[in-house]
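Understanding the architecture of this molecule
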Amino acid sequence: MNGEIRGNSKNRKNKRGNNMLLAVQYGKWIFLAVSILVFNITAIQSRKRLPITTIYATTCFALCVQQYFDSYATFRFRAWGFFTVGKADFPSLLVKWGIYPAVSVLIVNWYPYHSSRWKKFSYIMGWSVFSTVFEWAAIRLDILWHIHWNLFYSFLMYPVIYYVFLILHVRFYKWLKQREGDERT
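Predicted model only: the values in this text are computed from it and were never measured. (Residues numbered from 1 in each chain as written. Predicted model: local features only at pLDDT ≥ 70, side-chain atom pairs only at ≥ 80, totals over all residues. Heavy atoms only, no water.)

Points about the overall build of the protein chain
Of regular secondary structure, the protein chain possesses six helices and two strands. Looking at the protein chain as a whole, 36% of its 185 residues qualify as buried. Partitioning the intrachain contacts of the protein chain with sequence separation of at least 6 by distance along the chain shows that 73% fall at a separation of at least 24. Summed over its atoms, the accessible surface of the protein chain is roughly 12,200 Å², and 66% of this surface lies on carbon and sulfur atoms. (Helix = DSSP H or I, 4+ residues; strand = E, 2+ residues; numbered from the N terminus. Buried < 20%, exposed > 50% of the residue type's maximum accessible area, 1.4 Å probe, protein only. Contact = heavy atoms within 4.5 Å. Areas by Shrake-Rupley, 256 points an atom, 1.4 Å probe, with all protein chains shown as cover.)

Quick look at helix 4 (residues 100-110)
The buried fraction of helix 4 is high, at nine of eleven residues. For helix 4, the full list of buried residues reads Pro 101, Ala 102, Val 103, Ser 104, Val 105, Leu 106, Ile 107, Val 108 and Asn 109.

Remarks on the side chain of Thr 58
Structurally, the position occupied by Thr 58 is in helix 2 (residues 52-76). Ignoring sequence-local partners within four residues, the contact set of Thr 58 consists of Val 108, Phe 165, Leu 166, His 169 and Val 170.

Some thoughts on the side chain of Lys 28
Examined against the element boundaries, Lys 28 turns out to sit in helix 1 (residues 2-45). For the buried Lys 28, no salt bridge exists, and the shortest N-O distance to an oppositely charged side chain is 5.4 Å, to Asp 142. In this structure Lys 28 touches Phe 83, Leu 141, Asp 142 and Ile 143, once residues within four positions along its chain are discounted. (Lys, Arg positive; Asp, Glu negative; His and termini not counted. Salt bridge = Lys/Arg side-chain N within 4 Å of Asp/Glu carboxyl O.)

Considerations on the environment of Ile 99
Here Ile 99 is to be found in the loop between helix 3 (90-98) and helix 4. By relative accessible area, which is 6% here, Ile 99 ends up buried. In this structure the C-alpha to C-alpha distance between Ile 99 and Ala 33, which are 66 residues apart in sequence, comes to 9.7 Å. Beyond its immediate chain neighbours, meaning those up to four positions away, Ile 99 contacts Leu 32, Ser 35, Ile 36, Phe 39, Leu 94 and Phe 134.

Brief notes about the packing of helix 2 against helix 6 (residues 151-184)
Closest axis-to-axis distance for the helix 2/helix 6 pair is 9 Å, and the angle between their directions is 135°. Classed by the angle they form, the pair helix 2 and helix 6 counts as oblique. The crossing of helix 2 and helix 6 is right-handed. Taking contact as the criterion, the partners of Thr 53, Thr 54, Ala 57, Thr 58, Phe 61, Ala 62, Val 65 and Phe 69 in helix 2 are, on helix 6, Phe 165, Leu 166, His 169, Val 170 and Tyr 173. (Axes fitted to C-alpha atoms, helices over the stretch in contact; angles between N-to-C directions. Parallel < 35°, antiparallel > 145°, perpendicular 65-115°, else oblique. Left-handed = near helix turned anticlockwise from the far one by under 90°.)

Quick word on unusual backbone geometry
Unlike most non-glycine residues, Arg 78 shows phi in positive territory, near 50°. Mapped onto the elements, Arg 78 comes out in the loop between helix 2 and strand 1 (80-82). One non-glycine residue, Asp 142, adopts positive backbone phi at about 60°. Along the chain, Asp 142 falls in the loop between helix 5 (117-140) and strand 2 (144-146).

A word on the confidence of the model for the protein chain
Residues with a pLDDT of 70 or more make up 86% of the protein chain, whose mean pLDDT is 89. Model confidence for the protein chain, summarised as mean pLDDT per element, is weakest for helix 1 at 75 and strongest for helix 5 at 98. For the stretch residues 1-7, pLDDT sits under 50, and the model shows zero contacts to residues farther than four places along the chain or on other chains. (pLDDT = per-residue confidence, 0-100.)

Given below as structure tokens:
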């Protein structure tokens, strides 16, 4: 009788463990689907403060740079990656094509271009904090993995990434468009 009770409690613990594993597995996909929907609906519905060609060009540029860095970090340095360590798989495209472009649109569209430096700095740091918390959640849900990387490095890199590869690209693209207009006249 005593052995049965112990056996049953072990089974209950295993069931709880299995239920927790299922919750994490389903939680990962729910988190990913909700994130993709929220970011994309927000990006599409928000009022555009920049010409759509500027947003499009900057988002495409950001995707190219992101793909290069993610591939290099995943396969060369084993720093970070999505889902399976050292493997390129379809679910990672959900993050790269479902979340990254929408967030790029939001960052460049809402950036306070004509505000004080303090407001610009605060804006970039706000996105950096948000992105670090989002990355932390993605790690906890096994969407993202870190080996030779950590959240502190990410927090330090996000302002550089957002300013250099997004905001400065917008300025560069505007300069190119203005120069192109000057050459035509």
